[in-house]
Amino acid sequence: MAINNTADEEAAAVIEAAAATAALLIIDVQNDFCSGGALAVNGGEEVIAPLNKLSNFFYNMGGKVIATQDWHTENHISFASLWPIHCVRGLPGAEFHKDLDLSSIHLILRKGTRENLDSYSAFFENDNKTSTGLYAYLQSLGINRIFLGGLATDYCVLYSAMDAIKLGLVTYVIKDAVRAVNYPEGSAEKAMEAMTKAGVKIIESGDIKGIINGA
Ligand SMILES: [Zn+2]
């Protein structure tokens, strides 16, 4: 059955080549955003099971997996205005949730590190021009498609997805792998509408294998 083997190998090579242009971006699955945390997102830890499956899938297929951490100083500017004290660097609240599988993550990116500037997006800080370096990383690897999950839908996922679209990346948000703060009330729905309008594709984690394979 040498012919079949060759065909299988060729098919596998095609899928691998397609996967190599894709990345999974896991946003802020940290203790402070999960149950019991300082800025807990309702059901935040529910994103972990689908994300663990997906990170293993991407890793095994030759795609890249990136995880971000909100990483603030003790006196970060966001604590004075909108948010309670959260994700202070080096403290337990800033750590990844213990159930998040870190074994398939290639790159950990910390954001919001400057005292006087917040960063919701994984690509640019909130001045909309200071780069985190993530886009250059993706470009250098030839990655042009990005799949987003994590916390929270209406802030860091939203800002990251909108920047990804602006940067020309084909952008997917995985509905069953995100949860929203929904503060103020209605912001979860607004975020989904804004992303859809901007061209972000809203999908379920079960769709991803087919999207990669069909590419
Ligand atoms: Zn923050």
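Use the structure listed above.
Residues numbered from 1 in each chain as written. Predicted model: local features only at pLDDT ≥ 70, side-chain atom pairs only at ≥ 80, totals over all residues.

Undergrad: Give a detailed account of helix α4 (residues 153-166), specifying residues and quantitative values.
TA: Among the 14 residues that make up α4, 12 are buried, leaving the element largely enclosed by the rest of the structure. Packing partners of the buried residues in α4 comprise β1 (22-27), β4 (145-151), β5 (170-179) and α5 (187-198). Of the residues one or two after α4, Gly168 is the one with positive phi, at around 90°. (Buried ≥ 20, exposed ≤ 12 C-beta atoms within 10 Å, placed from the backbone. Helix = DSSP H or I, 4+ residues; strand = E, 2+ residues; numbered from the N terminus. Contact = placed C-beta atoms within 7 Å.)

Undergrad: Kindly report on the pairing of β5, identifying the contributing residues and their values.
TA: Where burial is concerned, most of β5 is hidden: seven out of the 10 residues are buried. One ladder, built from six bridges, connects β4 with β5; its direction is parallel. Of the residues in β5, the one forming a bridge with Gly150 is Val178. Handedness of the crossover joining β4 and β5 through α4: right-handed. Sheet topology places β5 next to strand β6 (residues 201-203); three bridges connect them, and they run parallel. Its bridge partner lying in β6, Val173 is registered against Ile202. (Pairing = 2+ DSSP bridges. Right-handed = clockwise from strand over helix to strand, strands pointing away.)

Undergrad: Could you give me a rundown of the nonpolar core, with the residues and numbers involved?
TA: Where a protein is soluble and globular, its nonpolar side chains tend to be buried together. Counting 54 residues, the largest nonpolar core has Leu25 and Leu148 as its most contacted members. Looking at this core element by element, the count peaks at eight residues for α4. In this structure Leu148 touches Leu25, Ile27, Val157, Ser160, Ala161, Tyr172, Val173 and Ile174, once residues within four positions along its chain are discounted. (Core = buried A, V, L, I, M, F, W, Y, C linked by C-beta atoms within 7 Å.)

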